[in-house]
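Chain and residue survey
So the chains spell out like this:
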Amino acid sequence: QVQLVESGGGLVQPGGSLRLSCAASGSIFSSYRMGWYRQAPGKQRELVAAITEGGSTNYVDSVKGRFIISRDYAKNTVYLQMNSLKPEDTAVYFCSAYLWPKNYWGQGTQVTVSS
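Residues numbered from 1 in each chain as written. Predicted model: local features only at pLDDT ≥ 70, side-chain atom pairs only at ≥ 80, totals over all residues. Heavy atoms only, no water.

**Some remarks on the nonpolar core**
Counting 28 residues, the largest nonpolar core has Leu4, Met34, Trp36, Leu80, Met82 and Tyr93 as the members making the most contacts within it. Among the elements of the structure, β3 (18–25), β4 (33–39), β5 (46–51), β7 (67–72), β8 (77–82), β9 (91–99) and β11 (109–113) are those that each provide at least two residues to this core. Each residue touching Tyr93, except ones within four places of it in the same chain, is listed here: Glu6, Leu20, Trp36, Tyr37, Arg38, Val48, Phe67, Leu80, Met82, Gly108, Thr109 and Val111. (Core = buried A, V, L, I, M, F, W, Y, C linked by side-chain atoms within 4.5 Å. Buried < 20%, exposed > 50% of the residue type's maximum accessible area, 1.4 Å probe, protein only. Helix = DSSP H or I, 4+ residues; strand = E, 2+ residues; numbered from the N terminus. Contact = heavy atoms within 4.5 Å.)

Here is the structure:
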């Protein structure tokens, strides 16, 4: 069992930055593939960025060069550094922890990019 708690969302102007955090507890954090998803109103949830147990990363094309996912094994925390934010990045962002066959989700944190 894994519990995930996200933080760091908020309102930011276009071009600004935010860092999301996801604190994990309850299991062996280092064994899980961690990911950040987002869901905008009326749209399907999409994978934004993921990081494997070994630290390999991948990103959706729309955030490449702007977002960075990282993980701190000592703190059992995964981060999403979001730079050069655009209005189309507005969504609820969810943290996930995946270890076959289970996928766990956090409660989500709202990110709004608006002037």
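**A word on the sheet that holds strand β1 (residues 3–7)**
One open sheet holds the four strands; their spatial order is β1-β3-β8-β7, and the pairing between them is antiparallel. Whereas interior strands pair on both sides, the edge strands pair on one side only; in this sheet they are β1 and β7. Strand-to-strand twist across the sheet, computed as the mean angle between neighbouring axes with direction ignored, equals 15 degrees. Judged from the six bridges that link them, β3 and β8 form a sheet pairing that is antiparallel. Its bridge partner lying in β8, Arg19 is registered against Gln81. (Pairing = 2+ DSSP bridges. Axes fitted to C-alpha atoms, helices over the stretch in contact; angles between N-to-C directions.)

**Here's the deal with unusual backbone geometry**
Cis geometry marks the peptide bond from Trp100 to Pro101; its omega dihedral reads 5 degrees. With respect to the element layout, Pro101 can be found in the loop between β9 and β10 (102–105). Even without glycine at this site, Asn76 takes up a positive phi of about 50 degrees. Structurally, Asn76 is set in the loop between β7 and β8. In this structure, Ser84 is a non-glycine residue whose phi angle is positive, near 50 degrees. Within the secondary structure, Ser84 sits in the loop between β8 and β9.

**Considerations on the side chain of Arg66**
Counting through the fold element by element, Arg66 comes out in the loop between β6 (57–59) and β7. Looking at Arg66, the relative accessible area reads 10%, which means it is buried. Engagement of the side chain of Arg66 in a polar contact is seen with the side chain of Asp89, the distance being 2.8 Å. Apart from residues no more than four positions distant in its own chain, Arg66 is found in contact with Gln81, Met82, Asn83, Ser84, Leu85, Lys86 and Asp89. (Polar contact = N/O pair within 3.5 Å; in protein donor to acceptor, adjacent residues only side chain to side chain.)

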